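Observations on the model geometry
Below are the chains, spelled out letter by letter.
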Amino acid sequence: MQIDLITLRHLRMPLVAPFETSFGRIEARDCILIEIASQGLTGYGECAADRDPGYSYETAGTAWHILRDFIAPQILGQDIGSPQEFQDRVSGVRGHLMAKAGVEMALWDLTGKREGRSLRELLGGVRREVEVGVSVGLQASPAALVDTIGGYLSQGYRRIKIKIKPGRDVSEARAVREAYPDLRLQVDANSAYSLESAGALRPLDDLDLLLIEQPLAEDDLWDHSRLQAQLSTPICLDESILSARHARQALEMGACRIINIKPGRVGGLNQALAIHDLCYRQGAPVWCGGMLETGVGRAANLALASLPGFSLPGDISASDRYYIQDITRQRFQLNPDSTISVPDGPGLGVEIDPDALERFTIESMIVRQV
Ligand code: OSB
Ligand code: MG
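What comes next concerns the included structure. (Residues numbered from 1 in each chain as written. Chains lettered and ligands numbered in written order. Predicted model: local features only at pLDDT ≥ 70, side-chain atom pairs only at ≥ 80, totals over all residues. Heavy atoms only, no water.)

Topic: the coordination of the magnesium ion (ligand 2)
- Taken together, the protein ligands of the magnesium ion (ligand 2) are Asp-188 (OD), Glu-213 (OE) and Asp-238 (OD), with distances of 2.1 to 2.3 Å.
- In primary-sequence terms, the residues that donate to the magnesium ion (ligand 2) follow D-x24-E-x24-D. In this pair, Asp-188 is assigned in strand S7 (residues 184-188) and Asp-238 in the loop between strand S9 (235-237) and helix H8 (244-252), connecting sequence segments 50 residues apart.
- Overall, Asp-238 belongs to the buried group, its relative accessible area being 1%. (Donors = N, O, S within 2.8 Å, 3.2 Å for Na, K, Ca; no water. Helix = DSSP H or I, 4+ residues; strand = E, 2+ residues; numbered from the N terminus. Buried < 20%, exposed > 50% of the residue type's maximum accessible area, 1.4 Å probe, protein only.)

Listed below in structure tokens is the structure:
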């Protein structure tokens, strides 16, 4: 693929409801949409870095800098054979995995459009619908949480994840379990505990949870292995897993039994595939995490989640759970069996709505070869 022109757009999309986690509360989601023009075709990719460095050190601002000053200059005017070749070329840029993942996604979209194949086909996905759930942010009280979840259940979602933090953990999970005894339920702490304070999570073992996501620090595989030894509920790692190597080491040392795969966090779909393949070989369940993506990133997540090893429902909800207006013409709907259909058009299989794009763009820039 000849890389002719790259357009960066910093988007700010108002959420239908605020989203609160252990690291903060947001009312709008930022991201960078990357548009690559190549021989008459246009590919889109979403860089998942948000406005603030809460989930990750990367922000829309750092990603903008890395994309404009380092990544774009290395590929503009070049012929890039494949998403893997792109990764080889930018291997001199340390870290900044979300910035790289956004460009890689646009190259997958271009590859699919050029070959007339969907991303699902390119990745080797085997399902046309994938099981999904909702990630529910911290609410005002356990009663409000039960209420909010009731709304999602009535829409047809059959798996719920709740965000927890110290002091807002066992009471919340217990209230939800009492209200919905058969619900497939899991919790996500986003690194809010230490090995010492995680003792508070022990009562969760009696609540029949699918998993406990990322209780401890991102750089702390070792203490996760000690915590897992004290819990019967599987630990699932999100923030800690940036590569297939991390995944292998985490499984080897018993730091987790399940892995959440997000293409943005691990540097792109290519590395996401590698983690999937490793876990599939080892029989470790994986599921597709979410980053409150626009329709662009959501399409990529759906294609990824159609791979055979994704045996647990993903954090991929219908468009109306996130945004009143999205930047894609497609709005993803929940099917009655708590699944969402994987797009089957070429590449990502989505079309951009230029008016919506204009409306949510707070800064844009065309990067040309110098
Ligand atoms: O930890 O999984 C997370 C959203 C932003 C950043 C981190 C996380 C999340 C979610 C939302 O839980 C998942 C979704 O996109 O629905
Ligand atoms: Mg998480």
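Observations concerning the site of ligand 1
- The local shell around ligand 1 holds 15 residues, among which Ser-135, Asp-188, Asn-190, Leu-292 and Tyr-322 are the closest.
- Within the backbone of Leu-292, an N or O atom sits 2.8 Å from an oxygen atom of ligand 1.
- At 2.7 Å, a side-chain N or O of Tyr-322 approaches an oxygen atom of ligand 1.
- Protein coverage of the free-state accessible area of ligand 1, which is 390 Å², stands at 97%.
- Of the residues in the shell around ligand 1, the class split is 5 nonpolar, 3 polar and 7 charged. (Near = heavy atom within 4 Å. Polar contact = N/O pair within 3.5 Å; in protein donor to acceptor, adjacent residues only side chain to side chain. Areas by Shrake-Rupley, 256 points an atom, 1.4 Å probe, with all protein chains shown as cover. Nonpolar A, V, L, I, M, F, W, Y, C, P; charged D, E, K, R; others polar.)

Some details on the packing of helix H5 (residues 142-155) against helix H6 (residues 170-179)
- Look at H5 against H6: their axes get within 9 Å of each other, and the N-to-C directions meet at 45°. Considering the angle they form, H5 stands oblique to H6. Handedness of the H5/H6 crossing: right-handed. Between H5 and H6, the contacting residues are Pro-142, Leu-145, Val-146 and Ile-149 on the first element and Ser-171, Glu-172, Ala-175, Val-176 and Ala-179 on the second.
- Grouping the amino acids of the contact of H5 with H6 by side-chain chemistry returns 7 nonpolar, 1 polar and 1 charged. (Axes fitted to C-alpha atoms, helices over the stretch in contact; angles between N-to-C directions. Parallel < 35°, antiparallel > 145°, perpendicular 65-115°, else oblique. Left-handed = near helix turned anticlockwise from the far one by under 90°. Contact = heavy atoms within 4.5 Å.)

Observations concerning the environment of Leu-210
- Residue placement: Leu-210 occurs in the loop between S7 and strand S8 (212-213).
- The exposure class assigned to Leu-210 is partly exposed, which follows from its relative accessible area of 23%.
- Each C-alpha atom of the pair Leu-210 and Ile-3 lies 44 Å from the other, and the pair is 207 residues apart in sequence.
- Leave out the neighbours within four places in its chain, and Leu-210 touches Arg-159, Arg-184, Leu-185, Gln-186, Pro-234 and Ile-258.

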